[in-house]
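Understanding the architecture of this molecule
Listed below are the residues making up each chain.
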Amino acid sequence: MCGIVGYVGTKSATPILLEGLRRLEYRGYDSAGIAVLSGAGELQVKKATGKLHNLRTAVGTIEPEGSVGIGHTRWATHGRPSDDNAHPHTDCHGDITVVHNGIIENYAELRDELQAKGHTFRSETDTEILAHLLEDLLPTTASLAEAARLALQRVTGSYAIAVVSRAHPGHIVGARLNGPLIIGLGDGENFLASDIPAILKHTRSIIILEEGEVADVTPTSVTLTDLNGAAIARAPIQVDWDAEAAEKGGYPHFFVKEIHEQPQALRRALLGRVVERPDGLALRLEALDKLAATGALDKMRRAVLLGCGTSIHAALLAKYAMERWARLPVEVSIASEYRYADPIVGPDTLCIAVTQSGETADTLAATRLAREMGAPVVAVTNVVGSAITRVADAVLYLQAGPEISVTATKTFVTMTTVLYLAGLWLGRHSGQLVEVEERQMLAALQTLPGQMERVLETMTAAEGPDGAIGRVAARLAGCHSCMFIGRGPGFPLALEGALKLKEISYVHAEAYPAGELKHGPIALLDPTVPLIADATTGHTYEKVISNIQEVRARDAHVIAIATEGDGGIQRHADEVFYVPAAPEILAPILAIVPLQLISYHVALARGCNVDQPRNLAKSVTVE
Ligand code: G6P
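This structure is a prediction, so every number in the text was calculated from the model and none was measured.

**A few points about the overall build of the protein**
The number of helices and strands found in the protein is 18 helices and 27 strands. For 623 residues, the compact-globule estimate of 2.2 N^0.38 gives 25 Å, and the protein sits close to it at 25 Å. Expressed as a percentage of its 623 residues, the buried residues of the protein come to 61%. Nonlocal contacts in the protein, meaning residues at least 24 apart in sequence, comprise 70% of its contacts between residues at least 6 apart. Computing the positive centroid from 55 side-chain charges and the negative centroid from 72, the protein places the two 3 Å apart.

What follows is the structure, encoded as structure tokens:
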């Protein structure tokens, strides 16, 4: 977590850095800071605890002048959020300044060594050692890049950094190891950032730094080397993201904007993958075709899906689909558990890493472990060129466009969809899926975007204090806890619904397989604990209704998500939200929409910060 931005050119750096940080704030918002080097060689550092607007206030109307600078928005790891611990950090004399995303694991011993040499530290952070290491090295090195290479050779851990030095005006040095860093190429100006939306307004020509690379960036040049100084040539890629995609577009929050973008995101996820042929719909996943052609899947007997947070819920849904279509045993494992669980994995196991950002540290480490043990790896991610794509043998992109809200919405539905497509592909590859069912599923997937548009229309009509969403939000906003239930694919749906509510409204929520409720958690229910049930049509529908009855007998308030045309559900629930009919496995992709919107309205009713929930960060690049 933490966001980095840098600018070197001829314009005033401060507004560019502040604007870049605004777009990176989803990566952390405990504190923020900038450092700007003026033409006269003055290095000004401004920092503030808390959200970016505090930094704006600290900067005030007299902005630091200069056309070289770096900025940072922090999600605290070493040292609590404070002005001192905020980045950029400087050396003893304020000549060198550094921003960092990651963790320097051997910082304590380096700090002792540097203190023994007389360096004075001002913060509790691991990052500050980099500024002092550079201070030590610069006098005997030819360039800032060389000093950075030597400094980084001494550290263990993970980093994406940007460095500015008074002794080398007109240069920013960036480097990465297990933390994202990109360079944006402009005309007489260049940019550094943790991700693309931060600089999309300025350029679409991007160089993605690889692990262990160092970049020396001036207004007119970018020189790449490895940590030993060996030159690296890399052509830029052109990003086709729409700059509007990183704006709120008239919505009050990215969260709700991205909920409404879901039909379009689904269309993009299906684009070029579900194709019309003269004899009907066909599935095209070239990345998997190519992987199979290498023979890497010849020994496949099972699959393991790895991820964290929302991604694990998409993986749980995919388990149902893959086991059904490919008759392939599928294990779903939370990445932070998997890596320390001595897993049984080898060339017979297809590892599918599921990660929106492609940079979640736990998912990366678990996937690397599976790969080291011989598993072929497929990555399912939204971010082009992200770290997971370098671990994987094949990549399936979500094609969802940038997701800015910390809490995932459109990437959940596209992730689930892309995993389902992979499930259909595996079904065909294993010879277990009959063509008729494949075609039916592809047709059903293609109707999803239109169906989701209908859900959004119905839900919009249910907003306002007198609408069903308003009533439900008012009830949930005042309760201390809430229960979600579902069966089969309805269970991961319940998990994702509960996570949304917890993340953005801070209402405690638990999700249970509906049949498990009576084995313990039912003890928690009383009239103050509402129950939200997935009662969409499926082969366990009657069982879910029985479970709802058990709950109603305890006077709990019941909110149901049901399939259009199910008039009978009204007898069993106090409130019902309908979604269009879809095959059971696809229903969660529609049914999540009411749950997302309910969470949104509960968060609004409770006055929570929807796009930047407390304590969270969108991508967690530390263990
Ligand atoms: C963080 C975010 C979650 C996200 C999880 C996994 O915890 O707050 O919303 O689901 O990381 O992220 P990934 O990018 O790997 O899907």
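**Overview of the site of the ligand**
Close contacts around the ligand come from 13 residues, with S311, T355, Q356, S357 and T360 the closest. One of the backbone nitrogen or oxygen atoms of Q356 is found 2.8 Å away from an oxygen atom of the ligand. Contact between the ligand and T360: an oxygen atom at 2.4 Å from a side-chain N or O atom of the residue. When isolated, the ligand has an accessible area of 390 Å², and the protein chains bury 89% of it. When the residues that make up the shell around the ligand are grouped by side-chain class, the tally is four nonpolar, seven polar and two charged.

**What to know about the environment of P613**
Inspection of the secondary structure puts P613 in the segment after helix 18 (587-605). In sequence terms P613 and T73 are 540 residues apart; their C-alpha atoms lie 15 Å from each other. In this structure P613 touches Y29, V406, T407, E503, I504 and Y506, once residues within four positions along its chain are discounted.

**Examining the nonpolar core**
One finds L419, L476 and F484 to be the most contacted residues of the largest nonpolar core, which totals 95 residues. The residues touching L476, leaving out its near neighbours within four places in the chain, are C482, L501, V507, P530, I532, I559, I598 and V602. Within the second largest apolar cluster, 26 residues are counted, among which are I96, V98, A151 and A175.

**So, the packing of aromatic side chains**
For any two aromatic rings, the description comes down to two numbers: the centre-to-centre distance and the angle of the planes. Applying the stated criterion to the full structure yields three aromatic pairs. Seen in terms of ring centroids, W325 and Y420 are 6.0 Å apart; in terms of plane orientation they differ by 80°. Their pairing is edge-to-face. In this pair, W325 is assigned in helix 9 (residues 310-326) and Y420 in helix 13 (residues 410-430), connecting sequence segments 95 residues apart. If you follow R614 out to its NZ or CZ, it ends over the ring of Y506, 3.8 Å from the centre.

**Things to note about the sheet that holds strand 1 (residues 3-8)**
Taken in spatial order, the eight strands make up an open sheet running 3-2-4-1-10-9-11-15, and their pairing is antiparallel. Taken across any chain shown, the strands that pair with only one partner, and hence form the sheet edges, are strand 3 (43-49) and strand 15 (237-238). Bridge count between strand 9 (residues 182-185) and strand 11 (residues 205-208): three bridges; the pairing is antiparallel. What sits directly across from I183, in strand 11, is I207. The sheet contacts of helix 2 (residues 52-59) involve strand 2 (31-37) and strand 3, and relative to strand 3 the element is tilted by about 135°.

The rules behind the values
Residues numbered from 1 in each chain as written. Predicted model: local features only at pLDDT ≥ 70, side-chain atom pairs only at ≥ 80, totals over all residues. Heavy atoms only, no water. Helix = DSSP H or I, 4+ residues; strand = E, 2+ residues; numbered from the N terminus. Rg over C-alpha atoms; globule rule 2.2 N^0.38 Å. Buried < 20%, exposed > 50% of the residue type's maximum accessible area, 1.4 Å probe, protein only. Contact = heavy atoms within 4.5 Å. Lys, Arg positive; Asp, Glu negative; His and termini not counted. Charge placed at Lys NZ, Arg CZ, Asp CG, Glu CD. Near = heavy atom within 4 Å. Polar contact = N/O pair within 3.5 Å; in protein donor to acceptor, adjacent residues only side chain to side chain. Areas by Shrake-Rupley, 256 points an atom, 1.4 Å probe, with all protein chains shown as cover. Nonpolar A, V, L, I, M, F, W, Y, C, P; charged D, E, K, R; others polar. Core = buried A, V, L, I, M, F, W, Y, C linked by side-chain atoms within 4.5 Å. Phe/Tyr/Trp six-rings, centres within 6.5 Å; stacked < 30°, edge-to-face > 60°. Lys NZ or Arg CZ within 6 Å of the ring centre and 35° of its normal. Pairing = 2+ DSSP bridges. Axes fitted to C-alpha atoms, helices over the stretch in contact; angles between N-to-C directions.

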